[in-house]
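Breakdown of the fold
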Amino acid sequence: MDNKEQTDKILFLLKSIDEKLDKLLRMKHIYMADEVPEGLDVMTLLSLPDHLRTTATALIENGVSTAEDLAKITSKKRAVESSYLNQLVRMGHVRKFRKGKKVFFEIQSSL
Amino acid sequence: MSFSISIHSSKGGTGKTCIAQNLAYAYAMDGKNVCLLDLDLKSPSLFSGLFPVKDCWLNSVLEGRQEIDDVLVDATREMGTKGRVCVGYSNPDIAEIREISLKDRRWQSQALQKLIDCKKKLFSSGFDVVIMDSSPGVDYTSVNVVACSEYVITVFKSGESRGVQLVINGIYKPLEKRCFAIENMNNGVSSFSFEDQIPVPVLARIPCMCDVSKYGTKKLFTCEDPAHPFSKAIFNLKDQIC
């Protein structure tokens, strides 16, 4: 298996894990509002791992964005950005919403 | 292309405000439209009364009660610059300063978003350079300002390089900022030993000068005395940034 095939397989698996986690959250009504901070303050941003911080920083600066918008800024693959954004959604820092066929992300509003 | 610069330091009393206001004037003399913001919310300087003031504050913008355009003061006529100069102030009222100290992380998260929105609005309304004078040290009020700017200038005094390295490695780099350093009040001895070199360009080593210490923020050297060594250092700094 060459590098591209391996990368594609990893991305496919990441996407599939993301979808399953999202489904679990919806099915079991897991609300973590009491456990996670709402919004994303700069000190929390600094404490994020590098890959998530880059994505979150780009989202803060860019405002409402798709994974593709952010991938252009961070020079990563769309699927990778999508995975990172979904992690930030699960952590309670980012809100995800659908408009037509597109999925958008924005920093969770706290007020 | 428009850009914003935050002037920050790991400690107070390094001359940030003096550099911010002189740099603002230097850019405006070049024909750039400049917005100078006093974002030292815990210790507002009011830029020592060098620019006109009105009873409107940046605090209200961060609270979402007013828009950035409503609180800016146009100082172009008083300054006589080629470009436009507008100034925004933090509220010096002690009750407001106490209030800022009590803000929680949710509010600070909103404040960061408001700052970014303000910056974008200023760019879209024709400002070329936004200079933000921040609080010293590491807290929400200062790091929010750093986070929303394109460039960070960290100002330090001779012999205080350790704090500089901490903020560069712990704040600016993780936020992926383009960072420069200025050694102010240099006493002729470099603050950095060979092992201590920092990985950001030191754009200026401004010598300690009695008249700069005497007048501090109360005199706009770049305006009143452009041939002064301090003014020359600021003009040179401006040319190196952009």
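Above this text you will find the structure in question.
Everything numeric in this text was worked out from a predicted model, so none of it was measured.

Take the pattern of salt bridges next. Residues and elements named next belong to chain B. Scanning the model with the defined rule gives 17 salt bridges over all chains in all. The shortest N-O distance in the salt bridge between arginine 205 and glutamate 183 comes to 2.2 Å. On the criterion of sequence distance, the pair formed by arginine 205 in strand S8 (residues 202-207) and glutamate 183 in strand S7 (residues 178-186) is long-range, its members being 22 residues apart. Its relative accessible area of 0% is what places glutamate 183 among the buried residues. Two residues, aspartate 239 and lysine 238, come together in a salt bridge whose shortest N-O distance is 3.2 Å. A residue is classified by how much of its surface remains accessible, and aspartate 239, at 52% relative accessible area, is exposed.

All names here are of chain B. Pairing is mixed in the open sheet, where eight strands are placed in the order S3-S4-S2-S5-S1-S6-S7-S8. Looking along the sheet, the strands with just one partner apiece sit at the ends: strand S3 (73-74) and S8. Helix H7 (residues 140-147) contacts strand S1 (3-8), strand S2 (34-39), strand S5 (129-134) and strand S6 (151-157) of the sheet and is inclined by roughly 150° relative to S1.

With 61 residues, the main nonpolar core has Leu45 of chain A together with Leu37, Ile68, Leu72, Leu122, Tyr172 and Leu175 of chain B as its most contacted residues. When residues of this core are assigned to their parent elements, the largest contribution, eight residues, is made by helix H6 (residues 105-124) of chain B. Excluding its chain neighbours within four sequence positions, the residues that come into contact with leucine 175 of chain B are Leu45, Leu46 and Thr57 of chain A together with Val143, Val146 and Ala147 of chain B. In terms of nonpolar packing, the next biggest core, distinct from the first, is built from 43 residues, Leu50, Met79, Val129 and Val155 of chain B among them.

What follows concerns unusual backbone geometry. Residue and element names in this part refer to chain B. Positive phi, close to 50°, is recorded for serine 48, a residue that is not glycine. By secondary structure assignment, the location of serine 48 is in the loop between S2 and helix H2 (58-63). Within the chain, glutamate 176 stands out as a residue other than glycine whose phi angle is a positive 60°. For glutamate 176, the position within the fold is in the loop between helix H8 (161-172) and S7.

Among the surface-exposed residues, Phe12, Leu13, Ile17, Leu21 and Leu24 of chain A lie close enough to one another that they form a single nonpolar patch of about 460 Å² accessible area. Within the secondary structure, leucine 24 of chain A is located in helix H1 (residues 3-27).

All names here are of chain B. By the definition in use, this model includes seven aromatic pairs over all chains. With a centroid separation of 5.9 Å and an interplanar angle of 90°, the aromatic rings of phenylalanine 47 and phenylalanine 51 are classed as edge-to-face. Neither phenylalanine 47 nor phenylalanine 51 differs from the other in exposure class; each is buried. Seen in terms of ring centroids, phenylalanine 221 and phenylalanine 230 are 5.6 Å apart; in terms of plane orientation they differ by 65°. Their pairing is edge-to-face. Accessibility assignment for this pair places phenylalanine 221 and phenylalanine 230 in one class, buried. Aromatic ring contacts, followed pair by pair, group Phe3, Tyr27, Tyr151 and Phe180 into a single cluster. Note that lysine 219 overlies the ring of tyrosine 215, its terminal NZ or CZ placed 5.0 Å from the centroid.

Cut-off values and rules
- Residues numbered from 1 in each chain as written.
- Chains lettered and ligands numbered in written order.
- Predicted model: local features only at pLDDT ≥ 70, side-chain atom pairs only at ≥ 80, totals over all residues.
- Heavy atoms only, no water.
- Salt bridge = Lys/Arg side-chain N within 4 Å of Asp/Glu carboxyl O.
- Helix = DSSP H or I, 4+ residues; strand = E, 2+ residues; numbered from the N terminus.
- Buried < 20%, exposed > 50% of the residue type's maximum accessible area, 1.4 Å probe, protein only.
- Pairing = 2+ DSSP bridges.
- Contact = heavy atoms within 4.5 Å.
- Axes fitted to C-alpha atoms, helices over the stretch in contact; angles between N-to-C directions.
- Core = buried A, V, L, I, M, F, W, Y, C linked by side-chain atoms within 4.5 Å.
- Patch = residues over 30% accessible without salt bridge, like charges linked within 9 Å, V, L, I, M, F, W, Y side chains within 5 Å.
- Areas by Shrake-Rupley, 256 points an atom, 1.4 Å probe, with all protein chains shown as cover.
- Phe/Tyr/Trp six-rings, centres within 6.5 Å; stacked < 30°, edge-to-face > 60°.
- Lys NZ or Arg CZ within 6 Å of the ring centre and 35° of its normal.

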